[in-house]
Amino acid sequence: MSKDDSRIANSILNDIGGKENIRALGHCSTRLRVTLHDKNKINTQAIENIDGVKGQFFSGEQYQIILGVGLVDRIYDLVLQASGGSSVDTDIKGDIYAGMSLPRKFSRILGDIFIPVIPALVATGLFGGFINCINAFGIKMDPTAMTIATILMKTAFVFLPVLIAWSGMKQFGGTPVLGIILGLMLVNPALPNPDNVAKGLEKAIHFNVLGLQLNITSFAGSVLPALIVVIIGANVEKWLKRKVPDALQLIVTPFLTILVAGLLGLLFVGPICKIIEQAILTAAKFVITLPFGLGGLIIGGTQQAIVVTGMHHIFLALESSLLATTGFNPFNAMITGGIIAQATAALVTGLKMKDRKKRGFYTSASLSAFLGITEPAIFGVNLRFGKPFIFALCGGAVSGWIAGILHAASTGMGVAAIPGLVTYLYSGTAIMNYLIIHLSAMLVSGGLVYFFFDPNKEEAKIEAQENQAASVNAINAVARSTSPAGATVAIASPVEGTLVSADQIPDPTFAKQILGKTIAIEPTVNEVKAPVSGEVVMLADTKHAIGIKADCGVEILIHLGIDTVALKGKYFTAKVKPGDRINVHDTLIEMDIDQIRKAGYDPMVVMIITDNQTDQAINVTKSPSGAMVNNSTLVLQS
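In this text, all values refer to a predicted model and were calculated from it rather than measured experimentally. (Residues numbered from 1 in each chain as written. Predicted model: local features only at pLDDT ≥ 70, side-chain atom pairs only at ≥ 80, totals over all residues. Heavy atoms only, no water.)

Colleague: What am I meant to see in the packing of helix α14 (residues 330–352) against helix α17 (residues 387–406) here?
Modeller: Axis angle and axis distance: for two packed helices, these are the angle between their axes and the distance between the axes, and together they describe the pair. Taken N-terminus to C-terminus, the directions of α14 and α17 make an angle of 150 degrees; their axes are 7 Å apart at the nearest point. Considering the angle they form, α14 stands roughly antiparallel to α17. When the axes of α14 and α17 are compared, the crossing they make is right-handed. Here Ala 333, Met 334, Gly 337, Gly 338, Ala 341, Gln 342, Ala 345 and Thr 349 of α14 come into contact with α17, specifically with Pro 388, Phe 389, Ala 392, Leu 393, Gly 395, Gly 396, Ser 399, Gly 400, Ala 403 and Gly 404. For the contact of α14 with α17, a count of residues per class yields nine nonpolar, nine polar and no charged. (Axes fitted to C-alpha atoms, helices over the stretch in contact; angles between N-to-C directions. Helix = DSSP H or I, 4+ residues; strand = E, 2+ residues; numbered from the N terminus. Parallel < 35°, antiparallel > 145°, perpendicular 65-115°, else oblique. Left-handed = near helix turned anticlockwise from the far one by under 90°. Contact = heavy atoms within 4.5 Å. Nonpolar A, V, L, I, M, F, W, Y, C, P; charged D, E, K, R; others polar.)

Colleague: Can you help me understand the nonpolar core in this one?
Modeller: Inside soluble globular proteins, nonpolar side chains tend to come together where they are buried. Formed by 33 residues in total, the largest nonpolar core has its most connected members in Ile 558 and Leu 588. Looking at this core, the elements that each hand over two or more residues are β9 (518–523), β11 (534–539), β12 (545–550), β13 (555–562), β16 (587–591), α21 (593–598), β17 (602–609) and β20 (634–637). Not counting residues within four places of it along the chain, the set of residues in contact with Leu 588 comprises Val 528, Lys 529, Ala 530, Pro 531, Ile 546, Ile 548, Ile 558, Thr 573, Ala 574, Lys 575, Val 576 and Ile 582. Counting residues in hydrophobic clusters, the runner-up holds 26 residues, among them Ile 113, Val 117, Phe 379 and Phe 389. (Core = buried A, V, L, I, M, F, W, Y, C linked by side-chain atoms within 4.5 Å. Buried < 20%, exposed > 50% of the residue type's maximum accessible area, 1.4 Å probe, protein only.)

Colleague: What is the right way to read the pairing of β12 from this model?
Modeller: Consecutive side chains of a regular strand alternate in pointing toward one face of the sheet and then the other. Burial runs high along β12: five of the six residues are buried. In the sheet, β11 pairs with β12 via five bridges, with the strands oriented antiparallel. Looking at the pairing, Met 538 lines up with Gly 547 of β12. Count of turn residues in the β11/β12 antiparallel hairpin: five residues, of which Lys 543 carries a positive phi of about 65 degrees. Here β12 runs beside β13; their pairing, made up of five bridges, is antiparallel. The partner of Gly 547 across the bridge, within β13, is Leu 557. From the end of β12 to the start of β13, which pair antiparallel, there are four residues, and Gly 553 there has a positive phi angle of about 100 degrees. (Pairing = 2+ DSSP bridges.)

Colleague: For this particular structure, what's the right way to read the pattern of salt bridges?
Modeller: Any two side chains of opposite charge can pair, on the condition that their charged atoms come close. A full pass over the atoms with the stated rule returns six salt bridges. With a closest N to O distance of 4.0 Å, Arg 7 and Asp 4 form a salt bridge. With a gap of three residues between them, Arg 7 and Asp 4 both fall in helix α1 (residues 3–15), about one helical turn apart. When its relative accessible area of 35% is taken as the criterion, Arg 7 is described as partly exposed. (Salt bridge = Lys/Arg side-chain N within 4 Å of Asp/Glu carboxyl O.)

Colleague: It is not clear to me how the packing of helix α6 (residues 143–158) against helix α7 (residues 160–171) should be interpreted in this structure. Could you clarify?
Modeller: It is at 5 Å that the axes of α6 and α7 come closest, and there the two elements cross at 45 degrees. What the angle tells us is that α6 and α7 run oblique. Contact residues: Ala 156, Phe 157 and Val 158 in α6; Leu 160, Pro 161 and Leu 163 in α7. Grouping the constituent residues of the contact of α6 with α7 by class yields six nonpolar, no polar and no charged.

So this is what it looks like as structure tokens:
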């Protein structure tokens, strides 16, 4: 860290109101992201004038300071350290995963874990591609130079579980150094090499647990075992931190975390993954013999998905067997198009990006994939967005099917994509097959991404999810830190729509704010959502009104429509009932605003603070009547 970095960090910290004003802290590839207790303490002009700051703005309740790639990482570390280190909440996007489907959540978590690792994988992947090219074309290298080149090429991939465990432990809220230790346990040199075990050169360690015979090998290059182990480790550590007395934390918590997660990883998670690998190998041996190219279709469409788990090295045994018995390797022909498909998907995604820095990042991740190393493209781009990965699997399936129809085969193993060309030079037909396979993969994968995926919209959607999560965290944090008397209150809009001044409400009781401080919104959507976290204390039989007691003690009434009690519940569907626990942004009631209007009623949503004790301290938003609001907009606060 340079003096300039320290100066920038200290200036930012001072101009956002000091460390006491930080509620949560995080960062992306270019921006420092902060949620604050009091945003009025920010000196925006001073922050704009800090050398190194390229801009600043609010997005929802999240304050973002643009610093650029590299600098943001250093400034984040300095601000985090100055703000109290581990005591600062760094889970600024912790709620993002909550609303996602399981496949989407899995791909997003993997993407978030791999983003910090991608630069290392890109660099070593390129080394690997160049070495594969040299070997494929039969160029002789000095043994010492080859050893050094191999170290440059393989280190990141051999120790991939360590990188995943470090990043994953950080992602799941554990201590990163414990993740490193757990990752190192999985690749300890005392464990037999799985490739050598597959070739019969080494024997696995046999271990008997409760009558079960377990085979243990190294997990070098694997993904899934490391991911599962750090999920276990992070959760064990967080549980221990809540239960173990402070005086014993330093000794007990790391010891038990490593003991539990390490033993479960070595004795159960790892062997279970090995059983899955053997099942995959057995299935692949059967599938490859299917007629009409079906074997290639299945293998080409699934092999890169298996790469995500890190179990793909088991196929070395299959390829060795094919070459030993026939001299040809049809499996290579079935998967090489899938590799090019992943590279093409990442490349097209990058080329479609409007943001210059992200375009450069995504396209560079595709380079090593064209040379046969797909992890940077998969984890850095395709799996992060989801659709490009699926489209690339489609490209792999089509190219694999074509390889099966053509009975294409390689004369080597361990090398594919562009460097793999040399293993098809044994005949003109083989070269033609190679070109057809890769061209079909590129056309299908690239075409699907080009016509059916917009990465700019997807990035905007991810950004919106992060902003909404930041807003939820901000509102909940206020609620957790307050008490009914003299409390700090932050209440979001219960519905998306247009803000209406209280004196314009077509009901004198509401217009004069007789019941308490009042806010009104002309809705544009049917969903009415919780403006705070708390408990439902009242729901009208006609479903047109609901009462909430917030965690901070504030009592809120949400009234849906003017005189809509006369509808007797028609066009209103309650999603909660009295006594239910609710979180901010949970759906409370759905109302059909179009039908309500057709029935001759105004669907205006009115929200009132009904307890006198808190009412006087609360201020209505300063946004003008007619301003657009959504469920992340704070409309009442003190």
